[in-house]
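Spelled out, the chains give:
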Amino acid sequence: NAADEEKRRGVVEATKQLFDARRAEGKDPFIAVVLHSLAFGTTLSYVTNSAEQKEVSQKQLEMTADVMAHSLIYWVRDLFHAGLLSSGSRVFAMTSEGASRAVPTYGPVSAAKAALEAHVRQLALELIPQDVSLPRTVANRRHSAPGLATAGGDLRHEARVGQAGQVGKPVIERRHEDVHAPAG
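Thresholds applied
- Residues numbered from 1 in each chain as written.
- Predicted model: local features only at pLDDT ≥ 70, side-chain atom pairs only at ≥ 80, totals over all residues.
- Heavy atoms only, no water.
- Helix = DSSP H or I, 4+ residues; strand = E, 2+ residues; numbered from the N terminus.
- Buried < 20%, exposed > 50% of the residue type's maximum accessible area, 1.4 Å probe, protein only.
- Contact = heavy atoms within 4.5 Å.
- Pairing = 2+ DSSP bridges.
- Right-handed = clockwise from strand over helix to strand, strands pointing away.
- Axes fitted to C-alpha atoms, helices over the stretch in contact; angles between N-to-C directions.
- Parallel < 35°, antiparallel > 145°, perpendicular 65-115°, else oblique.
- Left-handed = near helix turned anticlockwise from the far one by under 90°.
- Nonpolar A, V, L, I, M, F, W, Y, C, P; charged D, E, K, R; others polar.
- Core = buried A, V, L, I, M, F, W, Y, C linked by side-chain atoms within 4.5 Å.
- Salt bridge = Lys/Arg side-chain N within 4 Å of Asp/Glu carboxyl O.

A. Quick peek at the overall build of the chain. In terms of regular secondary structure, the chain is built from three helices and six strands. When the elements of the chain are put in sequence order from the N terminus, they spell out α-β-α-β-α-β-β-β-β. Going through the 184 residues of the chain one by one, you find that 36% of them count as buried. Of the contacts made within the chain by residues no fewer than 6 positions apart, 56% connect residues no fewer than 24 positions apart.

Following this line, the structure appears as structure tokens:
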């Protein structure tokens, strides 16, 4: 379970030991890419009209957010403090259209994905001085390539798929309202 604190810390410590051995040999290893893609949560409705339909419980709602969103913070923080992330490291977080769209019974996951996107923006801001970036990768059924967000703004790279399945010319759109570096 990637959201389990003890297992996460064990993985981080084992990786740190490997890197420390390489550093003793004069090497300078760091984790170049981290992919946070945890899809474990409930898809029950918040409110139903029927006694036969289950509604999401507080425990299920909290578990969904903890696994799918908050675990990103814990992984990045542990990797950072262990000295495993360095200038040029990139942390990708898989989100979905559900973060900004209402979909029946998707409320708990939608809330978790919205929280994940907020965490990405905040971590990107806080890690700017260390040159660690957090591009946000959006799984999107309508396009074949993911959208990417960087600390300098939102960079969406969409590839359109033709009828024969060929990828067309990418479309790039920049939005700067998502993340702003502090002035000064």
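B. Representation of the side chain of His119. By the secondary structure assignment, His119 is in helix H3 (residues 107-126). When its relative accessible area of 16% is taken as the criterion, His119 is described as buried. Once you skip the residues sitting within four places of it in the chain, His119 turns out to touch Ala69, His70, Leu72 and Ile73.

C. Spatial organisation of the pairing of strand S1 (residues 33-36). Here S1 shows one buried face, formed by Val34 and His36, and one open face, formed by Val33 and Leu35. Pairing analysis gives four bridges linking S1 to strand S2 (residues 90-96), with the strands arranged parallel. Across the sheet, the residue bridging to Leu35 is Phe92, located in S2. Read from S1 through helix H2 (residues 58-81) to S2, the crossover connection turns out right-handed.

D. Structural context of the packing of H2 against H3. Relative orientation of the contacting elements H2 and H3 amounts to 15 degrees, with a least axis distance of 8 Å. For the element pair H2 / H3, the angle class is roughly parallel. With respect to the hand of their crossing, H2 and H3 are arranged in right-handed fashion. Facing Leu61, Thr64, Ala65, Met68, Ala69, His70, Leu72, Ile73 and Val76 of H2, the residues of H3 in contact are Pro108, Val109, Ala112, Lys113, Ala115, Leu116, His119, Val120 and Leu123. A class-by-class count of the residues in the contact of H2 with H3 yields 14 nonpolar, three polar and one charged.

E. Spatial organisation of the nonpolar core. Ranked by internal contacts, the top residues of the largest apolar core, which has 22 residues, are Leu72, Leu79, Leu85 and Val91. Beyond its immediate stretch of four places on either side in the chain, Leu85 contacts Ile31, Val34, Val76, Leu79, Phe80, Val91 and Val132.

F. Geometry of unusual backbone geometry. Residues other than glycine seldom take positive phi values, yet Thr105 does so here, at roughly 60 degrees. Phi is positive for Asp131, which is not a glycine, with a value near 60 degrees. Within the secondary structure layout, Asp131 lies in the loop between H3 and strand S3 (136-139). Given the relative accessible area of 45%, Asp131 is considered partly exposed.

G. Spotlight on the pattern of salt bridges. Evaluation of the coordinates by the stated rule reveals six salt bridges. In this structure, Asp20 engages Arg23 in a salt bridge whose closest nitrogen and oxygen atoms are separated by 3.5 Å. With Asp20 and Arg23 both in helix H1 (residues 5-24) and three residues apart, the pair spans about one turn of that helix. Asp20 sits in the partly exposed class, given a relative accessible area of 33%.

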